[in-house]
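# Overview (structure and organization)
In case you want the letters, here they are:
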Amino acid sequence: MTERTFSIIKPDATRRNLTGAINAVIEGAGLRIVGQRRVKLTEAQAKKFYEVHAERPFYGELVGQMTAEPVVVQVLEGDNAVARYREVMGATNPKDAADGTIRKQFALSIGENSVHGSDSIENAKIEIEQFFADDQIVG
Ligand code: RTP
Ligand code: MG
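Below is a short write-up of the structure. Note that this is a predicted model, so its numbers are computed, not measured. (Residues numbered from 1 in each chain as written. Chains lettered and ligands numbered in written order. Predicted model: local features only at pLDDT ≥ 70, side-chain atom pairs only at ≥ 80, totals over all residues. Heavy atoms only, no water.)

## Overview of the side chain of serine 118
Counted only if it meets this: Comment: elements are numbered from the N terminus, with helices defined as DSSP H or I runs of at least four residues and strands as E runs of at least two. Relative accessibility under 20% of the residue-type maximum defines a buried residue, over 50% an exposed one, and the middle range a partly exposed one, all with a 1.4 Å probe and only protein chains included. Whenever two N or O atoms come within 3.5 Å, that pair is a polar contact, provided that in protein one can donate a hydrogen and the other can accept it, and provided that, for residues adjacent in sequence, both atoms are side-chain atoms. Residue contacts are counted whenever heavy atoms from the two residues lie within 4.5 Å of one another.
Note on placement: serine 118 falls in the loop between strand S4 (115-117) and helix H7 (121-131). In this structure serine 118 comes out as buried when scored by relative accessible area, which is 0%. Within polar-contact distance, the side chain of serine 118 engages the side chain of glutamate 127 at 2.7 Å. The contacts of serine 118, once residues within four sequence positions are left out, are Thr5, Phe6, Val82, Arg86, Asn123, Ala124 and Glu127.

Structure, rendered in structure tokens:
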């Protein structure tokens, strides 16, 4: 089924000029980039986005990293896009990520792991609405 998912190319990747290389992996996997913009997250935006992790020990560091430099927020569309993009990203910790995945190729560490992708269709919808107006997504 055709779905949409929300993606972030994180600061560790934008800093190293990897936006194009990551987009090539995304498009090569059959996902279409139907919305995209570059944005510097505010602390409030990052805190809200990662609210579910608020009690975790790495929360402060995560918010700090996500606001340090610009990110690229994206809407990806395709067959089973949510699950498909999770496959393409690879495991959270790049040490555990499969060959060919974005995190295996580009991530620096479990925290600076280059990309975010929604973990459910429900969360994808919430996350997309947080960053994109309807007319900013063109399928
Ligand atoms: P994401 O939400 O970014 O797509 O990644 P994920 O589902 O694979 O990982 P999740 O468990 O939701 O964690 C969100 C982000 O928090 C950072 N993290 N740091 N230092 C640590 O132990 C640690 N664990 C997680 C990562 O940046 C992870 O992507
Ligand atoms: Mg997650």
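Read on for the rest.
## Here's the deal with the packing of aromatic side chains
In plain terms, the rule: What counts as a ring pair is set by centres within 6.5 Å for rings of Phe, Tyr and Trp (its six-membered ring), and what kind of pair is set by the plane angle: stacked under 30 degrees, edge-to-face over 60, tilted for all other angles.
Taken as a whole and assessed by the stated rule, the structure comprises four aromatic pairs. Taken together, a centroid distance of 5.3 Å and an interplanar angle of 10° make the contact between phenylalanine 6 and phenylalanine 131 stacked. Separated by 125 residues along the polypeptide, phenylalanine 6 in strand S1 (residues 2-9) and phenylalanine 131 in helix H7 bring together distant segments of the chain. Judged by its relative accessible area of 0%, phenylalanine 6 is buried. Classification of phenylalanine 131 by relative accessible area gives buried; the value is 5%. Ring centres of phenylalanine 49 and phenylalanine 131 lie 6.0 Å apart, and the angle between their planes is 65°; on these two criteria the pair is classed as edge-to-face. Taken together, the residues phenylalanine 49 in helix H3 (residues 43-49) and phenylalanine 131 in helix H7 connect sequence positions 82 residues apart. Phenylalanine 131 matches phenylalanine 49 in its accessibility class, with the two residues each being buried. Taken together, the ring pairs connect Phe6, Phe49, Tyr50 and Phe131 into an aromatic cluster.

## Details of unusual backbone geometry
Of note, asparagine 80 is a non-glycine position whose phi angle comes to about 45°, a positive value. Relative to the helices and strands, asparagine 80 resides in the loop between strand S3 (71-79) and helix H5 (81-89). A relative accessible area of 40% means that asparagine 80 is categorised as partly exposed. Even without being glycine, serine 114 reaches a positive phi, approximately 70°. Positionally, serine 114 belongs in the loop between helix H6 (102-106) and S4.

## Remarks on the site of ligand 1
Definition in use: One heavy atom within 4 Å of a molecule or strand is enough for the residue carrying it to be called near that molecule or strand. Areas reported here follow the Shrake-Rupley algorithm with a probe of radius 1.4 Å; residue values treat only the protein chains shown as occluding. We place a 1 Å grid over just the protein atoms. Points where a 1.4 Å probe fits but has no way out form a cavity, open points with protein on both sides within 12 Å along at least 5 of 7 lines form a pocket, and any residue with an atom within 4 Å of a point lines it. Being in a pocket or cavity means that more than half of the molecule's atoms lie within 2 Å of its grid points. Three classes are used, and their members are as follows: Ala, Val, Leu, Ile, Met, Phe, Trp, Tyr, Cys and Pro are nonpolar, Asp, Glu, Lys and Arg are charged, and the others, Gly among them, are polar.
Around ligand 1 there are 14 residues in total, and Lys10, Thr92, Gly111, Asn113 and Gly117 lie nearest to it. Take histidine 116: an N or O atom from its side chain is 3.0 Å from an oxygen atom of ligand 1. Alone, ligand 1 offers 560 Å² of accessible surface; in the complex the protein occludes 81% of this. Using a 2 Å cut-off from the grid points, one finds that ligand 1 occupies the largest pocket. With three residues, the top contributor of residues to the shell around ligand 1 is S4. The class makeup of the residues in the shell around ligand 1 is five nonpolar, six polar and three charged.

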